[in-house]
Amino acid sequence: MNHAPTPALMVKPAPTSRILMASLVGTSVEFYDFYIYATAASLVFGPLFFPAQSASAQLMAAYASFALAFIARPLGASVFGHFGDRVGRKSTLVASLMLMGGSTLAIAFLPTYQMVGWIAPLLLCILRFGQGFGLGGEWGGAALLAVENAPPGWRGRFGMFPQLGAPVGFIAANGLFLLLGAFLSDEEFIAWGWRLPFLASALLVGLGLWVRLKLTETPVFAEAMAKAPPPKVPFTALFRHHFRETLAGTFAVVACFAIFYISTAFALGYGTREGGIGREMFLAIQLGAILFMAIGIMLSGWWSDIANPRKVLIWGCIGTIPVGLVFGPAMGSGSVLAIFLILSLALLMMGFVYGPLGAWLTGLFPTQLRYTGTSVAFNAGGIMGGALAPIVAQGLVERFGIGSVGLYLSVAALISLLALLFLDRGRSAL
């Protein structure tokens, strides 16, 4: 049988700069959208969208709505993964970005609980679910776009570009909230200022669409489609033939989600309420600390190409365990310097447990199951590491005090470490 590529699949590849930009912009929008919600949930969504109870109960309700997107993400991963493996990476990435961005933009126009009662939190949760559903197909597709276009020996460095979207999106989100705090009073911010970051997401989504619509399919996917038809139901084939890899991949990403959302969403809520630090000051602390995450991602991408991604992830998990032990006491110290140092150190470690994931996770699965496998594993791990993190941390504070919070980080790192050791194969499907 002749397996030569068909003329339809023999397309001229997009320039490397456009490929890397497309993978970076998409995940930047992802983290911007996700983190403006996390920031708003920590600061204003409790009293705005939920019944008047204790401040802690309202905050927990806001965190629960935040967690809803993590439940939607694996569902989105299976749906977008299905089309990404059967139809192609490009069109699926465009669709996921539009759903994600549209849901985020719509949040800017929501009425509050005081206006329409229970309809307000219902609409908020529906749009939050839409955010998560769209995000389910975003990261995996962006990682494939980068890694499947990487030349030999460059998978780690190409794969780090989607990961750099996390600090870029975080800086954009936090920077905007910081500017709003500088120019608006607390009353203005609560009344309407919080809506502006959600409106601004439309600009980033437009940029992402403009870049992605000019892409072509990755050469790896085009070659695979030319050789054999894709599986009819990639999700079923994934769990039938690659359950071990999916399970290990899911638990291996727990640490990166836990570090990020404990060091950002939870830390912001705790630091401004219990720690007595002003909102603008704490946002500035986090803006400085997130730069260490970017440094960690870049170093880990370079290290991954010298050694291998799994080795870097293992050492990142090992380094996170002692960081977790000192995280709580540092946060509870009340010292701005101590808080900055522990957040910087935690986010630096996140760079090492997150940066190599693009190269490592994509290498666990064959081409025609890769979108589904990568997306499902990454987003299922987000439920344990990300969705529960602010809720569990808040519960630990109320029961045991702030000193116990960092244990969540240490346990998450241990879980990911065991998963990486469990999947001891060094080979890659790429």
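Coordinates for the structure precede this section.
A brief report on the enclosed structure follows. (Residues numbered from 1 in each chain as written. Predicted model: local features only at pLDDT ≥ 70, side-chain atom pairs only at ≥ 80, totals over all residues. Heavy atoms only, no water.)

1. Let's talk about the overall build of the protein
This is how it is decided: To qualify as a helix, a DSSP run of H or I must reach at least 4 residues; to qualify as a strand, a run of E must reach at least 2; elements of each kind are numbered from the N terminus. Every radius of gyration here is taken over C-alpha atoms, with the globule rule written as 2.2 Å times N^0.38, N being the number of residues. Partly exposed residues are those whose accessible area sits between 20% and 50% of the maximum for their type, while under 20% is buried and over 50% is exposed, using a 1.4 Å probe and protein chains only. Whether two residues are in contact is decided by their heavy atoms, any of which lying within 4.5 Å being enough. We get accessible surface area from the Shrake-Rupley algorithm with a probe of 1.4 Å; when it comes to residues, only the shown protein chains can shield them. A positive count includes Lys and Arg, and a negative count includes Asp and Glu. His and the chain ends are not counted in either. Charge coordinates come from a single atom per side chain, which is NZ of Lys, CZ of Arg, CG of Asp or CD of Glu.
Check the secondary structure of the protein and you find 20 helices and 0 strands. For the protein, the C-alpha radius of gyration of 21 Å lies close to 22 Å, the compact-globule estimate for 430 residues. Taking the principal axes of its C-alpha atoms as reference, the protein extends roughly 70 × 45 × 35 Å. Residues classed as buried in the protein amount to 58% of the 430 residues present. Of all intrachain contacts in the protein linking residues separated by at least 6 positions in sequence, the fraction that spans at least 24 positions is 87%. Roughly 15,900 Å² of accessible area belongs to the protein as shown, and the carbon and sulfur atoms make up 73% of that amount. Of the side-chain charges in the protein, 24 are positive and 16 negative, and the distance between the mean point of each set is 11 Å.

2. Here's the deal with the side chain of serine 300
What counts, and what does not: Two N or O atoms form a polar contact when they lie within 3.5 Å of each other; inside protein one atom must be a possible hydrogen donor and the other a possible acceptor, and for residues adjacent in sequence the pair counts only when both atoms belong to side chains.
Within the secondary structure layout, serine 300 lies in helix H14 (residues 279-306). We classify serine 300 as buried; its relative accessible area is 0%. Of note is the side chain of serine 300, whose polar atom sits 2.8 Å from the backbone oxygen of isoleucine 297. Contacts of serine 300, omitting those with residues within four sequence positions, involve Val312, Gly351, Phe352, Gly355 and Pro356.

3. Examining the packing of helix H13 (residues 254-273) against helix H18 (residues 367-387)
Our working rule: To get an axis, a line is fitted to the C-alpha atoms, and for a helix only the part in contact is used. The angle between two axes follows their N-to-C directions and goes from 0 to 180 degrees. Roughly parallel means an angle under 35 degrees; roughly antiparallel means over 145; roughly perpendicular covers 65 to 115; every other angle is labelled oblique. Rotating anticlockwise by less than a right angle from the far helix to the near helix defines a left-handed crossing, while the corresponding clockwise rotation defines a right-handed one. Amino acid classes used here: Ala, Val, Leu, Ile, Met, Phe, Trp, Tyr, Cys and Pro are nonpolar; Asp, Glu, Lys and Arg are charged; the rest, including Gly, are polar.
The geometry of H13 relative to H18 is characterised by a closest axis approach of 7 Å and an angle of 45° between their N-to-C directions. Relative to H18, the element H13 lies oblique. By crossing handedness, the relation of H13 to H18 is classed as right-handed. On the side of H13, the interface is formed by Val254, Phe257, Ala258 and Tyr261, while H18 contributes Phe378, Gly381, Gly382, Met384, Gly385 and Gly386. Taken together, the residues of the contact of H13 with H18 break down into 6 nonpolar, 4 polar and no charged.

4. A few points about the nonpolar core
Put simply, the rule reads: To define a nonpolar core, start from buried Ala, Val, Leu, Ile, Met, Phe, Trp, Tyr and Cys residues and group those joined through side-chain atoms within 4.5 Å.
Phe45, Phe260, Leu343 and Tyr354 are the most contacted members of the largest nonpolar core, which totals 113 residues. It is helix H1 (residues 16-49) that contributes the most residues to this core, 16 residues altogether. Apart from residues no more than four positions distant in its own chain, leucine 343 is found in contact with Ser263, Ala267, Phe282, Ile285, Gln286, Ala289, Phe327 and Met331. Listed in part, the 8 residues of the second largest apolar core include Leu144, Leu145, Leu215 and Tyr371.

5. Thoughts on the packing of aromatic side chains
Applied cut-off: Stacked, tilted and edge-to-face are the three classes assigned to paired rings of Phe, Tyr and Trp, where Trp is represented by its six-membered ring and a pair needs centres within 6.5 Å; plane angles under 30 degrees give stacked, over 60 edge-to-face, the rest tilted.
Scanning the entire structure with this criterion turns up 25 aromatic pairs. Ring geometry for phenylalanine 45 and phenylalanine 198: centres 6.1 Å apart, planes at 25°, overall stacked. Linking phenylalanine 45 in helix H1 with phenylalanine 198 in helix H9 (residues 195-212), this pair joins segments that are 153 residues apart in sequence. Seen in terms of ring centroids, phenylalanine 235 and phenylalanine 239 are 4.8 Å apart; in terms of plane orientation they differ by 50°. Their pairing is tilted. You can see phenylalanine 235 and its partner phenylalanine 239 sitting in helix H11 (residues 234-241), 4 residues apart, about one turn around the helix. Judged by relative accessible area, phenylalanine 239 falls into the partly exposed class, the value being 32%.

6. Observations concerning the environment of leucine 364
Along the chain, the position of leucine 364 falls in the loop between helix H17 (357-362) and H18. Each C-alpha atom of the pair leucine 364 and glycine 269 lies 37 Å from the other, and the pair is 95 residues apart in sequence.

7. What to know about the pattern of salt bridges
Stated precisely, the cut-off is as follows: Any Lys or Arg side-chain nitrogen located within 4 Å of an Asp or Glu carboxyl oxygen qualifies as a salt bridge.
Applying the stated rule across the entire model yields 6 salt bridges. In this structure, glutamate 148 and arginine 370 form a salt bridge, with 2.9 Å as the shortest nitrogen-oxygen distance. You can see glutamate 148 sitting in the loop between helix H6 (138-147) and helix H7 (155-183) and its partner arginine 370 sitting in helix H18, a full 222 residues away along the chain. A single burial state applies to glutamate 148 and to arginine 370, both of which are buried. Here glutamate 223 and lysine 227 are joined by a salt bridge, their closest N and O atoms 3.1 Å apart. Of this pair, glutamate 223 and lysine 227 both sit in helix H10 (residues 219-227), 4 residues apart, which is roughly one turn of that helix. Using a relative accessible area of 40% as the deciding quantity, one classes glutamate 223 as partly exposed. Accessibility expressed as a relative area gives 47% for lysine 227, which makes it partly exposed. Several salt bridges share partner residues, and in doing so they unite Asp186, Arg279 and Glu280 into one network.

8. Some thoughts on helix H2 (residues 55-86)
Keep this limit in mind: The length a helix should cover is 1.5 Å for every residue beyond the first. Note that the bend at a residue is defined as the angle between axes fitted to the seven residues ending at it and the seven residues starting at it.
For H2, with 32 residues, the first-to-last C-alpha span of 48 Å sits near the 46 Å given by 1.5 Å per residue. Along H2, the sharpest change in direction is near 25° and occurs at alanine 72; proline proline 74 comes one to four residues later.

9. Let's talk about helix H20 (residues 406-422)
Relative to the 24 Å expected for 17 residues at 1.5 Å per residue, H20 spans 25 Å between its end C-alpha atoms, a close match to the ideal helical length. Restricting attention to buried positions, one finds in H20 the residues Gly406, Tyr408, Leu409, Ser410, Ala412, Ala413, Ser416, Leu417, Ala419 and Leu420. Packing partners of the buried residues in H20 comprise helix H12 (243-252), H13, helix H15 (309-331), H17, H18 and helix H19 (389-400).

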